[in-house]
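Working through the structure, step by step
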Amino acid sequence: MLRLLTAGESHGPALIAILEGLPAGLEITQADIDKELQRRRRGHGRGARMAIESDRVRIVSGVRHGKTLGSPVTLMIENRDHQNWLGIMDPELPGEGKEIRRPRPGHADLAGGMKYNHRDFRNVLERSSARETAARVSAGAICRKFLGMFGIRIYSQVVSIGEVVSPTRGQKLTPELHRRADASPVRCPDEQASARMVEAVDRAGKEGESLGGSFEVAADNVPPGLGSYVQFDRRLDSRLAAALMGVPAIKAVEIGEGIEAAAQPGSFVHDQIRYSAADGIFREQNTAGGIEGGVSNGEQVVMRAYMKPIPTLYRPLTSVDIESWQEEKADIERSDTCAVPAASVVGEAVISLVLANELLIKLGGDSVDEVIGNYRNYEGYLKKVWKWKRTLY
Ligand SMILES: Cc1cc2nc3c(=O)[nH]c(=O)nc-3n(C[C@H](O)[C@H](O)[C@H](O)COP(=O)(O)O)c2cc1C
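The following paragraphs examine the structure supplied in this document. Residue numbers here run from 1 along each chain, matching the order of that chain's written sequence. Confidence filtering applies because this is a predicted model: local features only for residues at pLDDT of at least 70, side-chain atom pairs given and counted only at 80 or more, and all residues used for totals across whole chains, interfaces and linings.

A short note on the sheet that holds strand β8 (residues 164-165)
Neighbouring strands of a sheet are bound in pairs by backbone hydrogen bonds; such pairs are parallel or else antiparallel. Strand order across the open sheet formed by five strands is β8-β7-β9-β15-β10, with antiparallel pairing between neighbours. The open sheet has two edge strands, β8 and β10 (250-255), and neither has a second partner. As defined by bridge partners, strand β7 (residues 153-161) adjoins β8 across two bridges and the pair is classed as antiparallel. Following the sheet pairing, Ile161 is matched in β8 by Val164. Our contact criterion uses C-beta atoms placed from the backbone: two residues qualify when those atoms are within 7 Å. Where helices are involved, their axes are fitted lines through C-alpha atoms of the stretch in contact, as for all axes, and angles between N-to-C directions lie from 0 to 180°. Secondary structure elements follow DSSP: runs of H or I of four or more residues count as helices, runs of E of two or more count as strands, with numbering from the N terminus. Along the sheet face, helix α8 (residues 236-245) touches β10 and β15 (301-307) and points at about 155° away from the line of β10. Here the rule is simple: two strands pair whenever DSSP picks up at least two bridges between them.

See the structure below:
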């Protein structure tokens, strides 16, 4: 239903996102999108680039007088840094400088150069850079607004950076935990762990090192019935995992307590199905992360994503100069020391995109009013047939 295409180079004039398939009549403002872009820019451990970029969106199409039209929404985020790269990034005239000849281990440089026959790895770096995630965050902000109309809220927290693990890891994500995460310089809601994470990032920065970590993303009030078990590629868990895996540097994704579950007996792991007249069907635990058989079951949808350390190192690793074929230190591009806090915001955005798509698949509708009507109808069915007690809309 929803299609997203992004374009733009890291130091080009702008990033573009085109989002098609949104129903008409969804209220959206530039401020809704800018708010998410600002959250993505923050985080202790970000490099100088984020101080240059103000990241404001321009809505170029698909929205009129504050509401979506049903036509493709085009979003543009100008790269302010482009002014310093005019010659280097010129689409026609040849320009010199900033070539990358010694590919950076852990980046797309070498593999991408081999694939596209680029001998200046800048041609790879410019698009493989995680700067692109600003475009995904801007489109995700619209989806988040759409989901909010149905009471679906997206939360996240950073649960580890390097070896520092937060005691909030595995705790149910609540609005309060999410708010505390946003107040922390590393998006970790626990004050002591947050302070230790900041120290770890500072230490790594001084040593020319970088750090990775992990974060949790959750979605509250997801109705049962999103995704499907009938075909492998319609499973909600596979789509969510693919979306999180699609964020640069994310190297593992867990649904619920997926990793720990592998080591536990079944009687511990599976969330027993209970019933009370007051609550209807309910669960006491949510090890499954709100998804069974690839279908949302009405519990909170919970995922954990693991990010590798930033590959660009100020104390670079060994690489090869592809002109001289001598082993030399890898090139350096201005870089973050740790971007787990920013990645958690990107994680929220990509999850919003998947869930908005799934909601539209489930309900259909070309205008927001039509989708809401379909939602009420579905809710009525759940209440009548399944003794569903929660008010979805
Ligand atoms: C929000 C965010 C910011 C990032 N910032 C940097 C950075 O400043 N320097 C860097 O080398 N890698 C950064 N990365 C990671 C690289 O983009 C990523 O590791 C690289 O493109 C290779 O892709 P892969 O790790 O998925 O294989 C960032 C990733 C994210 C999600």
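Okay, back to it.
Points about the nonpolar core
Note on terminology: a nonpolar core is any set of buried Ala, Val, Leu, Ile, Met, Phe, Trp, Tyr and Cys residues joined through C-beta atoms within 7 Å. Exposure classification rests on a simple neighbour count of other C-beta atoms within 10 Å of a residue's own: a residue reaching 20 or more is buried, one at 12 or fewer is exposed, and one in between is partly exposed. C-beta atoms are placed from the backbone. Formed by 81 residues in total, the largest nonpolar core has its most connected members in Ile142, Ile161, Leu244, Ala343, Val350, Ile351 and Leu355. Of the residues forming this core, the biggest block, 15 residues, is contributed by helix α11 (residues 340-363). Those residues in contact with Leu355 that lie beyond four places of it in its chain are Leu147, Ile152, Ala219 and Val222.

Some words on the sheet that holds strand β3 (residues 57-61)
Spatially, the four strands line up as an open sheet ordered β1-β2-β6-β3, and their pairing is antiparallel. Among the strands making up the open sheet, the edge pair consists of β1 (3-7) and β3. The sheet shows a mean angle of 20° between the axes of neighbouring strands, taken without regard to direction. For strand β2 (residues 14-20) and strand β6 (residues 73-78), the ladder comprises six bridges, and the chain directions are antiparallel. Along β6, the bridge assignment pairs Ile18 with Thr74. On the sheet, helix α1 (residues 30-41) packs against β3 and β6 and is oriented at approximately 135° with respect to β3.

Brief notes about unusual backbone geometry
For Asn221, which is not glycine, the phi dihedral falls at a positive 65°. With respect to the helices, strands and loops of the structure, Asn221 is situated in the loop between β9 (213-220) and α8. Non-glycine residue Trp325 carries a positive phi angle of around 60°. As for its placement among the helices and strands, Trp325 is situated in the loop between β16 (318-320) and β17 (327-329).

Examining the site of the ligand
The immediate surroundings of the ligand are formed by 21 residues, with Ala130, Pro248, Thr312, Asp336 and Ala339 found nearest. With three residues, the single largest contributor to the shell around the ligand is α11. Under the scheme applied, nonpolar residues are Ala, Val, Leu, Ile, Met, Phe, Trp, Tyr, Cys and Pro; charged residues are Asp, Glu, Lys and Arg; polar residues are all the others, including Gly. A per-class count over the shell around the ligand returns eleven nonpolar, eight polar and two charged. A molecule or strand has a residue near it when that residue's C-beta atom, placed from backbone coordinates, lies within 6 Å of it.

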